[in-house]
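A closer look at the structure
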Amino acid sequence: MQLLFFGSLADIVGKTDFDLSQVKNTYQLKDVLLEKCPELIRHSFLIAVNKKVQTENIKLMKDDVVALLPPFSGG
């Protein structure tokens, strides 16, 4: 699985070499990320899998591209 961070989240996390080999779904991914980067707790973000924002728990596959997106601002 490829994990991408955008906007301020990239600055907060600072690294992208997490071992996510045991992560099976988006809820578990969020739990692991909050455990490894507790500063994310103070920030809201969306999880997109293969360019689709996910609001429910879905299964993750090894070839998925997962992105953490900060809140969008209108314009």
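Provided above is the structure to which this section pertains.
Once a new chain begins, its residue numbering starts again from 1 and follows that chain's sequence as written. Given that this is a predicted model, residues contribute local features only at a pLDDT of at least 70 and side-chain atom pairs are listed and counted only at 80 or more, while totals for whole chains, interfaces and linings are drawn from all residues. Think of the side-chain values as coming from all heavy atoms in the structure, minus any hydrogens and water.

Moving on to the environment of Asp-19. Inspection of the secondary structure assignment puts Asp-19 in the loop between α1 (8-13) and α2 (26-36). Accessible area is worked out with a 1.4 Å probe on protein chains only. A residue is then buried under 20% of its type maximum, exposed over 50%, and partly exposed in between. Overall, the relative accessible area of 56% leaves Asp-19 in the exposed class. The spatial distance from the C-alpha of Asp-19 to the C-alpha of Ile-41 is 19 Å, given a sequence separation of 22 residues. For the purposes of these results, a polar contact is taken to be a pair of N or O atoms within 3.5 Å, where, inside protein, one atom must be able to donate a hydrogen and its partner to accept one; residues adjacent in sequence count only when each atom of the pair is a side-chain atom. Here Ser-21 takes part through its side chain, which lies 2.8 Å from a polar atom of the side chain of Asp-19. Only runs of H or I of at least four residues qualify as helices and only runs of E of at least two qualify as strands under DSSP, and these elements are numbered from the N terminus.

Here we take up the nonpolar core. Most often, soluble globular proteins have nonpolar side chains that are buried together. Core analysis: the biggest nonpolar cluster contains 18 residues, and Leu-3, Phe-18, Leu-33 and Leu-68 have the highest contact counts within it. Contributing elements (two or more residues each) for this core: β1 (2-5), α1, α2, β2 (46-49) and β4 (65-69). Whether two residues touch is decided by their heavy atoms; if any such pair falls within 4.5 Å, the residues are in contact. Apart from residues no more than four positions distant in its own chain, Leu-33 is found in contact with Leu-3, Phe-5, Phe-18, Leu-40 and Leu-68. Only buried residues count toward a nonpolar core, which is a set of Ala, Val, Leu, Ile, Met, Phe, Trp, Tyr and Cys residues joined through side-chain atoms within 4.5 Å.

A few words now on α2. Every buried residue belonging to α2 is among Thr-26, Leu-29, Val-32 and Leu-33, and all of these are buried. Projected down its long axis, α2 shows its buried positions confined to an angular sector of 120 degrees, all on one face. Facing away from the buried side of α2 by more than 90 degrees, the exposed set consists of Asp-31 and Glu-35. Of the surrounding secondary structure, the elements contacted by the buried residues of α2 are β1, β2 and β4. Here α2 starts with a cap whose side-chain oxygen sits 3.1 Å from the backbone nitrogen of Tyr-27, and that cap is Asn-25. Along the arc lie the directions from the helix axis toward the C-beta atoms.

On to the packing of aromatic side chains, then. Each Phe, Tyr or Trp ring (for Trp, its six-membered ring) is paired with any other whose centre lies within 6.5 Å, and the angle between the two planes then decides the class: stacked below 30 degrees, edge-to-face above 60, tilted in between. Counting across every chain of the model gives zero aromatic pairs. Two thresholds decide whether a charge sits over a ring: the Lys NZ or Arg CZ must be within 6 Å of the ring centre and within 35 degrees of the ring normal. If you follow Lys-30 out to its NZ or CZ, it ends over the ring of Phe-45, 5.5 Å from the centre.

Here we take up a nonpolar patch on the surface. Distance thresholds for patches are 9 Å for like charges and 5 Å for nonpolar side chains (Val, Leu, Ile, Met, Phe, Trp, Tyr), applied to residues having over 30% relative accessible area and no salt bridge. Using a 1.4 Å probe, the Shrake-Rupley method yields the accessible areas, and only the shown protein chains count as cover for residues. We count a salt bridge whenever a side-chain nitrogen from Lys or Arg sits within 4 Å of a carboxyl oxygen from Asp or Glu. On the surface, a nonpolar cluster with roughly 290 Å² of combined accessible area is contributed by Leu-46, Val-53 and Phe-72. Structurally, Phe-72 can be placed in the segment after β4. For Phe-72, a relative accessible area of 63% gives the class exposed.

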